Structures are given as structure tokens and as C-alpha cells.
Amino acid sequence: MLTTTNGMMFVLSSPSGVGKTTLAKKIEKNNSNFIISVSHTTRKPRPGEINGKDYHFVGEKDFDLLIKGNHFFEYARIFDNYYGTVKEPVLKLLSAGKDVIFDIDWQGTQQLKKIESLPLVTFFVLPPNIEILKKRLLNRHKEQEKLIKERMNKFNEEISHWKEYNYVVINDDLETCYSKILEIIMNEKKGINQTQNIDEIAKKVGKLIK
Ligand code: ADP
Ligand code: 5GP
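Described in the following lines is the structure provided in the data block. (Residues numbered from 1 in each chain as written. Chains lettered and ligands numbered in written order. Predicted model: local features only at pLDDT ≥ 70, side-chain atom pairs only at ≥ 80, totals over all residues. Heavy atoms only, no water.)

In terms of burial, strand S5 (residues 72–78) is largely enclosed, as five of its seven residues are buried. Bridge count for S5 against strand S6 (residues 81–86) is six bridges, and the pairing is antiparallel. The residue bridging Ala76 from the neighbouring strand is Tyr83, located in S6. Here S5 folds back onto S6, and the loop between the two strands holds two residues, one of which, Phe79, carries a positive phi near 45°. (Buried < 20%, exposed > 50% of the residue type's maximum accessible area, 1.4 Å probe, protein only. Helix = DSSP H or I, 4+ residues; strand = E, 2+ residues; numbered from the N terminus. Pairing = 2+ DSSP bridges.)

Structure below.
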């Protein structure tokens, strides 16, 4: 792990609806050195989402041009849409000493991990239980039963990647989860890694995928 005075990269992944966007925004809001990487996507904006702030919303042709121009650190097809992280703004932030937060999936995380000497720390966020996760999805996608079903169907596949991450945290109470992530981040910035109880996490995941 690179520990320099330069910025670091912190990835948050989870099954849809667990709360990683909420957590990432909270980290950015409360800590001036942290900036969320704004991804490009071909999906349509949700109500309230702002182009350039939540995502750069682009058409498939433009996304394809970015792929062909080798502009992406990573990209993936998720739920029939493309999502990707353009390299240049991230590199600029890192060299300005900023810490960059990524709300990306396991496919993107795998790709980042393959790039040598990135100052990368990865988090996988779990829901407290399935009922709460469904409630959170319902809250976000009111009356979109089909979409929620689709996202729940992906749950087992997504959660199976938890072992590929440096840390696993549970987003039960938002404040508690946020503080835990921040504590780990601040330690990592000092070059201190924390160990987690893998057996306990495996048990928790086992219960979630039953
Ligand atoms: P994700 O980015 O993982 O898909 P979001 O951050 O969009 O998930 O959160 C999904 C929904 O759950 C949102 O309505 C959000 O406000 C809510 N939420 C997130 N974390 C919590 C929490 N700890 N307790 C209660 N609701 C939460
Ligand atoms: P949503 O459509 O709910 O905003 O995001 C769907 C999924 O895409 C989430 O798992 C989110 O983490 C992931 N995602 C968002 N941006 C990127 C990206 O740039 N790259 C990858 N690989 N995944 C992304």
C-alpha cells in the first residue's frame, strides 16, 4: 500500500440499496479533503439527480468513444447500462493531495485492483438484513416493483464478492457505519491496516444469502 502525503483512493461497493451513496456523500460533506469521483453512465437520471454532480449522463456512443480512447480506469455493464470512471479527473485530484471516494461495483473494483501501485483501500458494505434492504430500495424507487425485483435478484451475485475487499462493514445505523469507515480510513492514511474477523463476516453473509 502506498502511504504518501498524496491522496488515497477509497472504494465503497455493496448490493444496490445498502447505502453506499449515502455513506460516500456523508464522508465528502463532513471531510473537506474527500471528493467523490463522478462516474460516467449511460443510465437515465433519476428524479433529483444532477448531470455532472451525481453522474456524467452520456449516450452509448459517447461512452463507447471513451472506451476506445482508453480514458477509463475501469468500466462495467450493470443492469443493462454502462458505468465507468474516467482516469484524468481522479489523477488530478490525487496529485492535488485529495482523497477520492468511489461508489463502484465489484467489477470495477477488480479492475482497479489490477492496476499497479494505486493507493487503494476497498470497502464492501452489507445491509443489516434483507427486509431492511427491501425497505431501503422501496424508499428510493417508489412503486417500481419490477426494478426492485431485478436488483434483489442480483443481490447474491454481488454479495459473493465480499472477500475481494479490504474491509467489510454493516450499514445498520448510518452514524455508526459512517464512523467505522472514517476510523478505518484515517488509520489507513497513517499506514495502519486493521484486521477483521473473517469467520464472523462469513457467518453474517451466510445469513443474508439464505
Ligand atoms: P446504494 O448507493 O447502496 O444503492 P443509497 O445510498 O442510495 O444506496 O441508499 C438507499 C436508500 O436507503 C436511500 O433512500 C437512503 O436514504 C437509505 N439509507 C441509506 N443508509 C441508511 C441507513 N443506515 N439507515 C436507513 N436508511 C438508509
Ligand atoms: P445506480 O444506478 O444505482 O446509481 O448504480 C448502480 C451500480 O453501479 C452501483 O453498484 C454503483 O456502485 C455502480 N457504479 C456506479 N458508478 C460506477 C462506475 O463508475 N464503475 C462501476 N464499475 N460501477 C459503478
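Moving on from the coordinates now.
The next subject is the site of ligand 2. Surveying the vicinity of ligand 2 reveals 16 residues, the closest of which are Ser39, Arg43, Arg46, Tyr55 and Tyr83. Between an oxygen atom of ligand 2 and a side-chain N or O atom of Arg43, the distance comes to 2.6 Å. The separation between a nitrogen atom of ligand 2 and a polar side-chain atom of Glu74 is 2.7 Å. The fraction of the free accessible surface of ligand 2 (510 Å²) that becomes covered by protein chains is 96%. Broken down by secondary-structure element, the contributors of at least two residues to the shell around ligand 2 are S5 and S6. (Near = heavy atom within 4 Å. Polar contact = N/O pair within 3.5 Å; in protein donor to acceptor, adjacent residues only side chain to side chain. Areas by Shrake-Rupley, 256 points an atom, 1.4 Å probe, with all protein chains shown as cover.)

Our next topic: the environment of Glu49. Relative to the assigned elements, Glu49 resides in the loop between strand S3 (40–41) and strand S4 (56–57). Setting aside anything within four residues of it in sequence, one finds Glu49 in contact with Arg43, Lys44, Asp54, Tyr55 and Phe57. For Glu49, the side chain forms a polar contact with the side chain of Arg43, separated by 2.8 Å. Among the polar contacts listed, one links the side chain of Glu49 to the backbone nitrogen of Arg46, at a separation of 2.7 Å. (Contact = heavy atoms within 4.5 Å.)

Reading across from one edge, S2-S7-S1-S8-S9 is the order of the five strands in this open sheet, with parallel pairing throughout. Here the strands that pair on one side only, and so sit at the sheet edges, are strand S2 (34–36) and strand S9 (167–170). Between one strand and the next, the sheet's axes are offset by a mean angle of 25°, whatever the strand orientation. Bridge analysis of S2 against strand S7 (residues 99–103) gives three bridges, and the strand direction is parallel. Its bridge partner being in S7, Phe34 is matched across the sheet by Asp99. The strands touched by helix H8 (residues 174–189) are strand S1 (9–13), S2, S7, strand S8 (120–126) and S9; relative to S9, the strand with the most contacts, the crossing angle is about 160°. (Axes fitted to C-alpha atoms, helices over the stretch in contact; angles between N-to-C directions.)

What follows concerns the packing of helix H1 (residues 20–30) against H8. At a minimum axis separation of 10 Å, H1 and H8 run at an interaxial angle of 65°. Crossing hand, H1 versus H8: right-handed. Counted together, Thr22, Leu23, Lys26, Ile27 and Asn30 of H1 and Leu174, Glu175, Cys177, Tyr178, Ile181, Leu182 and Ile185 of H8 form the full contact between these two elements. Residue composition of the contact of H1 with H8, grouped by class: eight nonpolar, two polar and two charged. (Left-handed = near helix turned anticlockwise from the far one by under 90°. Nonpolar A, V, L, I, M, F, W, Y, C, P; charged D, E, K, R; others polar.)

Most of S6 sits out of view: five of its six residues are buried. Looking at chain direction, S3 and S6 are connected through two bridges and run antiparallel. Looking at S6, one finds that Thr41 is bridged to Tyr83.

Our focus in this paragraph is the pattern of salt bridges. According to the stated counting rule, one finds nine salt bridges in the structure shown. Between Asp64 and Lys68 there is a salt bridge; the shortest N-O distance is 2.9 Å. Highlighted residues: Asp64 and Lys68, both in helix H2 (residues 60–68), separated by four residues, approximately one helical turn. Overall, the relative accessible area of 34% leaves Asp64 in the partly exposed class. Since its relative accessible area comes to 66%, Lys68 is described here as exposed. With its nearest N and O atoms 4.0 Å apart, the salt bridge here joins Arg77 to Asp80. Each of the salt bridges in this network shares a partner with another, and the network as a whole consists of Arg43, Arg46 and Glu49. (Salt bridge = Lys/Arg side-chain N within 4 Å of Asp/Glu carboxyl O.)

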